[in-house]
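Coordinates in review
Residue-level listing of the chains:
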Amino acid sequence: MRQVTIDPITRIEGHLRVEIKVEGGKIVQARCSGALFRGLEIILLGRFPLDAQRITPRICGVCPVAHATAAALALDTALGVEENIPQNGWLLRNLIYAANWLHNHVLHFYHLALPDYLDPKGTPLAGLLAAELGDRRFSPEENQTLLEHYALALEVRRKAHELVAIFGGKMPHEVGIVPGGVTQKPGLAEVTAFRFRLREIRDFLENIYVKDVLLLAARYPDYFALGRVGRLLSFGAFPEPSRTRVFPAGSLQDGAVQPLDCEGIAEEVARSWYAGGAGHPRAGQTEPDPYKAEAYSWIKAPRYKGKALEVGPAARVFLASHLGPGDFAKLAGELLSEARISLEQLSSAMGRHLARAIEALFLAQRMETWLAELEINGPVAVPFGIPSEATGQGLTDAPRGALGHWLRIERGVIAHYQVISPTTWNASPRDEQGQPGPIEEALEGTPVSGDGLLEAGRIVRSFDPCLACAVQ
Amino acid sequence: MSETRAQAVVWFQAAGCTGCSISLMNADYPNLKNLLLDELVPGKALILRFHATLMGLTGQPALEVLERVREEEAGAYLLVVEGAIPTGEDGRFGRVGDIPMAERVRELALRSAGVVALGTCAAYGGIPAGAPNPTSCVGVGEFFRREGIGIPVINVPGCPPHPRWFVETVAQLIFNPSAIGQLDEVGRLRSVYPGLIHENCPRRADFDVGRFAASFGEAGCLLKLGCKGPYTSSRCPTHRWNGGVNWCIEAGHPCLGCCEPEFPDFPAPLFRKVRAEDAAAFYRRNLCAR
Ligand code: SF4
Ligand code: SF4
């Protein structure tokens, strides 16, 4: 048996350590460990409630709008303004947020994940992308084209950030989303500037990104059978002015699609460096215990009805195909049949890439609809006061999966703030029952050629882990 | 044609959110590709040896790159630190390859030619050092003072910093290293952080006539919503963000003072008006220093 430690796992966000045991050509055990704790939930305590709106996005520089969205939803309920947000407020939040998704998916595919399949030798990027090669299956021409797309995608992701900034002020760490709506009225100039950039990005997604994902899937079909989990959870995302979410919330367990039950969420810390026991995040605590002997991670272990569920694009595409809008199911069906896979196979190392491509295409279309529905120069926010006592819950999906913020206000300041991020679910350690976290489970049983570095890297990156989110 | 000299760069991420790296990827002229592949100033190009978010290698082979650079390019490479340094509990709050981040930064810094502390976390502690600073995070400069490390540090604060502030700072460093003498009292290059937002703010006319926004989405100066523009040194109003499409105050949001050492605590919450007497101190530091 060989014990292999991968630390740091590069080309992800943040500090992740993975230990695998390889025996008989297979990974027989995997442990995921979050290596950085900052304590943002503690830093928020005692602050003015609105500060959470700008401090929680700083949990993550890749998907800050996800935290801005969850914080706004939590504060909307706590401040009692949820019912009065103008139509423009919902639409602009969606546009700012969706632009962050497009940025995220393009960055993840080209710059974080794809280098695992490319050979950079002899190109200008050879120095930076140099890697221990193995199992490279692209033809030299395909390899060359994909490296050119790597460079092109840098520009596309930059443009997606311009989209965020047009209505959100700046990016990373946009400032547009606030409780009660957004800060800036949509003028004709901004709407036009947005539309033409979006068109360019959409053109790239439809004509280059999706084709590159399908090409990767065609060369590595075996990865649809690797890195599987199969139990899925989503909080849904993108409430339209009717408040219906474009991506519906729900879960898939034991083959059954169920609506979301918020009371089914609990966080455990049996193998995490924290004191305390399991509990609902409404009451949960963050009390670091860096010397706890049986612990091996700064990530807590959230469980849904006692089980470790995968969150992210596979969950969303699966659930939206069952419960979401008809045009989503149609688009997803077309791409799944092109890749010759079923919905169930989305929860796999290759399926997650395809699921991201499906939702990026769908969102880019939907963004044009939202843009057209804006009332130019119309109202965007409702004023609010800060109550002395209140509670709030903000649930949304982030690009990487289910994200929740829970807060309580006492005497006009934050008395409680808990965050459960997508990677907290996916990269969680074992729990009290010894159940592995989803990434651990996805790795265990994987056949490997050598020390497993290559296969483990590909599988871990397919989840697009974000460690700054997983441990705040 | 004269030869291009390569300036090796090691980019080390500590207690942060990767937002500084992502912001640098938003650089336009020069863009990231230019920064990676072309001469930044005549005769000199950057060569990025280590960056955990971008590099091909992973795990132990990636860490070996750090060792190699430390041995083979001692005294020559530029160290960029992103994120604060967690110093609490023997470094257990943040480790890379099982070694505390603080230890890694010390080792890398001691053999470097100099350090750029990128972002408010690396410069001053920033977000993780917000009260009560649960992990005892400090900025690189403070860490060096405590440890008696004499390597020069240049701060490029911002949460995150605008890509131009990094590019201009590094360009000056490799073009004219004597620029290092021109730091302000909080360790920034004066030319990169030359004056207050309030001086160039498009809402300044509203301020002058006393027209203040009382809630989000309203016209007027944002002072009463907590704007820190009168005490924050940055070129946001003139550089604007993301290809120049917008920036905080233009989008109707008060400046958070994200470039200042007091961010995010300040003497008042982010959305409360800072008291005049507290303001005076920031003002003196940022304006009278010129
Ligand atoms: S918005 Fe801020 S920076 Fe602009 S004039 Fe008002 S106080 Fe000054
Ligand atoms: S306007 Fe203020 S908060 Fe916004 S980026 Fe500039 S310095 Fe930071």
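What counts and what doesn't
- Residues numbered from 1 in each chain as written.
- Chains lettered and ligands numbered in written order.
- Predicted model: local features only at pLDDT ≥ 70, side-chain atom pairs only at ≥ 80, totals over all residues.
- Heavy atoms only, no water.
- Axes fitted to C-alpha atoms, helices over the stretch in contact; angles between N-to-C directions.
- Helix = DSSP H or I, 4+ residues; strand = E, 2+ residues; numbered from the N terminus.
- Left-handed = near helix turned anticlockwise from the far one by under 90°.
- Contact = heavy atoms within 4.5 Å.
- Nonpolar A, V, L, I, M, F, W, Y, C, P; charged D, E, K, R; others polar.
- Phe/Tyr/Trp six-rings, centres within 6.5 Å; stacked < 30°, edge-to-face > 60°.
- Buried < 20%, exposed > 50% of the residue type's maximum accessible area, 1.4 Å probe, protein only.
- Lys NZ or Arg CZ within 6 Å of the ring centre and 35° of its normal.
- Domains from an automatic or database assignment.
- Buried area = accessible area lost by both parts, 1.4 Å probe.
- Salt bridge = Lys/Arg side-chain N within 4 Å of Asp/Glu carboxyl O.
- Polar contact = N/O pair within 3.5 Å; in protein donor to acceptor, adjacent residues only side chain to side chain.
- Pairing = 2+ DSSP bridges.
- Near = heavy atom within 4 Å.
- Expected span 1.5 Å × (residues − 1).

1. Notes on the packing of helix α4 (residues 87-113) of chain A against helix α7 (residues 188-219) of chain A
Residue and element names in this part refer to chain A. Where α4 meets α7, the closest approach of the two axes is 11 Å, and the angle between their N-to-C directions is 35 degrees. Where α4 crosses over α7, the handedness of that crossing is left-handed. Residues Leu95, Leu102, His105, Val106, Phe109 and Tyr110 of α4 form the contact with α7, whose own contacting residues are Phe194, Leu198, Ile201, Phe204, Leu205, Ile208, Tyr209, Asp212, Val213 and Leu216. Taken together, the residues that form the contact of α4 with α7 break down as 14 nonpolar, one polar and one charged.

2. Focus on the packing of aromatic side chains
Counted under the stated rule, the structure contains 31 aromatic pairs over all chains. Centre to centre, the rings of Phe109 of chain A and Tyr110 of chain A are 5.0 Å apart; their planes meet at 85 degrees, and the pair counts as edge-to-face. Assessed through its relative accessible area of 2%, Phe109 of chain A is described here as buried. Considering the side-chain rings of Phe216 of chain B and Phe271 of chain B, the 5.9 Å spacing of their centres and the 90 degrees angle between planes classify their relative orientation as edge-to-face. Taken together, the residues Phe216 of chain B in the loop between α8 (204-209) and α9 (236-239) and Phe271 of chain B in the loop between α9 and α10 (276-288) connect sequence positions 55 residues apart. Note on accessibility: Phe216 of chain B and Phe271 of chain B belong to one class, buried. Feature note: the residues Tyr97, Trp101, Phe238, Phe247, Phe328, Phe362 and Trp370 of chain A constitute an aromatic cluster, connected by ring pairs. Positioned above the aromatic ring of Tyr274 of chain A is the side chain of Lys300 of chain A, whose terminal nitrogen or guanidinium carbon lies 5.3 Å from the ring centre. Directly above the aromatic system of Phe266 of chain B lies the positively charged group of Lys228 of chain B, at a separation of 5.6 Å from the ring centroid.

3. Quick word on the domain arrangement of chain B
All names here are of chain B. Along its sequence, chain B is carved into domain 1 (5-181) and domain 2 (197-289). Computed over C-alpha atoms only, the centres of domain 1 and domain 2 are separated by 28 Å. At the interface, 19 residues of domain 1 touch 15 residues of domain 2. Summed over both sides, the interface between domain 1 and domain 2 buries roughly 1300 Å², with carbon and sulfur atoms accounting for 60% of that surface. When the buried area of domain 1 at its contact with domain 2 is split by residue, Tyr124, His162 and Trp165 rank highest and sum to 37% of it. Our count for the domain 1 to domain 2 interface comes out at one salt bridge. Glu168 serves as the salt-bridge partner of Arg235, at 2.6 Å between the closest nitrogen and oxygen. For the interface between domain 1 and domain 2, the tally reads six residue pairs in polar contact (both at pLDDT 80 or more). When residues of the side of domain 1 that touches domain 2 are traced back to their parent elements, those giving at least two are α5 (119-124) and α7 (163-175). A per-element tally of the side of domain 1 that touches domain 2 places α7 first, with three residues. Taken together, the residues of the side of domain 1 that touches domain 2 sort by class into nine nonpolar, seven polar and three charged.

4. Let's talk about the pattern of salt bridges
Residue and element names in this part refer to chain A. Taken as a whole and judged by the stated rule, the model has 51 salt bridges over all chains. A salt bridge links Glu334 to Lys330; the shortest N-O distance between them is 3.3 Å. Taken together, the positions of Glu334 and Lys330, both in helix α9 (residues 326-339) and four residues apart, correspond to about one turn of that helix. For Glu334, a relative accessible area of 41% gives the class partly exposed.

5. As for the sheet that holds strand β2 (residues 16-23) of chain A
Residue and element names in this part refer to chain A. Taken in spatial order, the three strands make up an open sheet running β1-β2-β3, and their pairing is antiparallel. The sheet terminates laterally at β1 (2-6) and β3 (26-34), the two strands that pair on one side only. Taken over all neighbouring pairs, the strand axes of this sheet differ in orientation by 15 degrees on average, direction set aside. As paired strands, β1 and β2 are joined by five bridges and run antiparallel to one another. Pairing of Val4 across the sheet is with Ile20, part of β2.

6. A short note on the site of ligand 2
As a matter of local geometry, ligand 2 sits amid 13 residues, with Cys236, Cys248, Cys255, Leu256 and Cys258 of chain B nearest to it. With respect to ligand 2, its neighbouring residues span chains A and B. Class assignment of the residues belonging to the shell around ligand 2 gives a composition of nine nonpolar, three polar and one charged.

7. A word on unusual backbone geometry
If a residue is not glycine, its phi is most likely negative; likewise, a peptide bond is most likely trans. A cis geometry characterises the amide bond from Ala131 of chain B onward to Pro132 of chain B, with omega recorded as 5 degrees. Mapping Pro132 of chain B onto the fold places it in the loop between α5 and β9 (137-138). In this structure, Phe238 of chain A takes a positive phi of about 65 degrees despite not being glycine. The residue Phe238 of chain A is located in strand β7 (residues 237-239) in this model. Residue classification places Phe238 of chain A among the buried residues on the basis of a relative accessible area of 1%. You will see that Arg240 of chain B, though not glycine, has its phi angle at about 50 degrees, which is positive. With respect to the element layout, Arg240 of chain B can be found in the loop between α9 and α10. Residue Arg240 of chain B is classed as partly exposed on the basis of its relative accessible area, which comes to 22%.

8. Regarding the side chain of Arg430 of chain A
Residues and elements named next belong to chain A. Relative to the helices and strands, Arg430 is located in the loop between α11 (422-426) and α12 (438-443). Among the polar contacts made by the side chain of Arg430, one reaches the main-chain carbonyl oxygen of Ala30 at a distance of 3.1 Å. Within the structure, Arg430 has its side chain in polar contact with the side chain of Glu440 (distance 3.0 Å). Those residues in contact with Arg430 that lie beyond four places of it in its chain are Gln29, Ala30, Arg271, Tyr296, Ala301, Arg303, Gln435, Pro436, Glu440 and Glu444.

9. Examining the interface of chain B and chain A
Where interface size is given, it is often the accessible area lost as the parts come together that is meant. Listed as interface residues are 74 residues of chain B and, on the opposing side, 74 residues of chain A. Summing both partners gives a buried area of about 6000 Å² for chain B against chain A, and 64% of it is carried by carbon and sulfur. Looking at the side of chain B facing chain A, the largest losses of area belong to Cys17, Phe93 and Phe216 of chain B, adding up to 10% of the total buried there. Where chain B meets chain A, there are two salt bridges. Between Arg47 of chain A and Asp265 of chain B there is a salt bridge, and its shortest N-O distance comes to 2.7 Å. Scanning the region where chain B abuts chain A turns up 39 residue pairs in polar contact (both at pLDDT 80 or more). Elements that contribute at least two residues to the side of chain B that touches chain A include exactly α1 (19-25), α2 (32-37), α3 (59-72) and β6 (95-96) of chain B.

10. Focus on α7 of chain B
The end-to-end C-alpha distance of α7 of chain B is 18 Å, a good match for the 18 Å that 13 residues give at a rise of 1.5 Å each. Within α7 of chain B, burial applies to Pro163, Trp165, Phe166, Val167, Thr169, Val170, Ala171, Leu173 and Ile174 of chain B.

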